[in-house]
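# Per-entry structural report
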Amino acid sequence: MADLKVLKLITNEEVIARVKEKRDVLELTNPMVMMQVNQGGQMGFAIVPWSMSGKCDNVEISQSIVIATLDPMDEVEKNYIQATTGITV
């Protein structure tokens, strides 16, 4: 099974996904990004699909565009699991 990781890309995006390494590419399953949102005057974050218009259940990206690979914070991991499966942890 692929590990849940946060990928910092050269575009400055932080993509959260299950990641599997394959030669020169990374296979991302259900990639999501953190978006800053305003909720009743309070700034917060939401996890949203990486692509709003394309199917992105499984996406391959070049490893060369990844600056860093990080383990997600506990709260981010919980929110990702809830967003992708509907299961509350």
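This report concerns the structure included in the present document.

The rules we used
Residues numbered from 1 in each chain as written. Predicted model: local features only at pLDDT ≥ 70, side-chain atom pairs only at ≥ 80, totals over all residues. Heavy atoms only, no water. Pairing = 2+ DSSP bridges. Helix = DSSP H or I, 4+ residues; strand = E, 2+ residues; numbered from the N terminus. Buried < 20%, exposed > 50% of the residue type's maximum accessible area, 1.4 Å probe, protein only. Core = buried A, V, L, I, M, F, W, Y, C linked by side-chain atoms within 4.5 Å. Contact = heavy atoms within 4.5 Å.

### Quick word on the pairing of strand 1 (residues 3-9)
Pairing analysis gives 6 bridges linking strand 1 to strand 2 (residues 14-22), with the strands arranged antiparallel. Looking at the pairing, Asp 3 lines up with Val 19 of strand 2. Sheet analysis places strand 1 next to strand 6 (residues 66-70), joined by 4 bridges and oriented antiparallel. Its bridge partner being in strand 6, Leu 7 is matched across the sheet by Thr 69.

### A few points about unusual backbone geometry
The phi dihedral of Asn 12 falls on the positive side, at around 80°, and the residue is not glycine. By the secondary structure assignment, Asn 12 is in the loop between strand 1 and strand 2. Unlike most non-glycine residues, Arg 23 shows phi in positive territory, near 50°. Exposure remark for Arg 23: the relative accessible area of 82% places this residue in the exposed category.

### Digging into the nonpolar core
Formed by 13 residues in total, the largest nonpolar core has its most connected members in Leu 7, Leu 9, Leu 26, Leu 28, Ile 61 and Val 66. Of all the secondary structure elements, the ones that give two or more residues to this core are strand 1, strand 2, strand 3 (25-39) and strand 5 (58-62). Not counting chain neighbours up to four residues away, the residues in contact with Leu 9 comprise Val 15, Trp 50, Ile 61, Ile 65, Val 66 and Ile 67. If you look at the next biggest cluster of nonpolar residues, it comprises 7 residues, including Leu 4, Ile 16, Ile 47 and Val 76.

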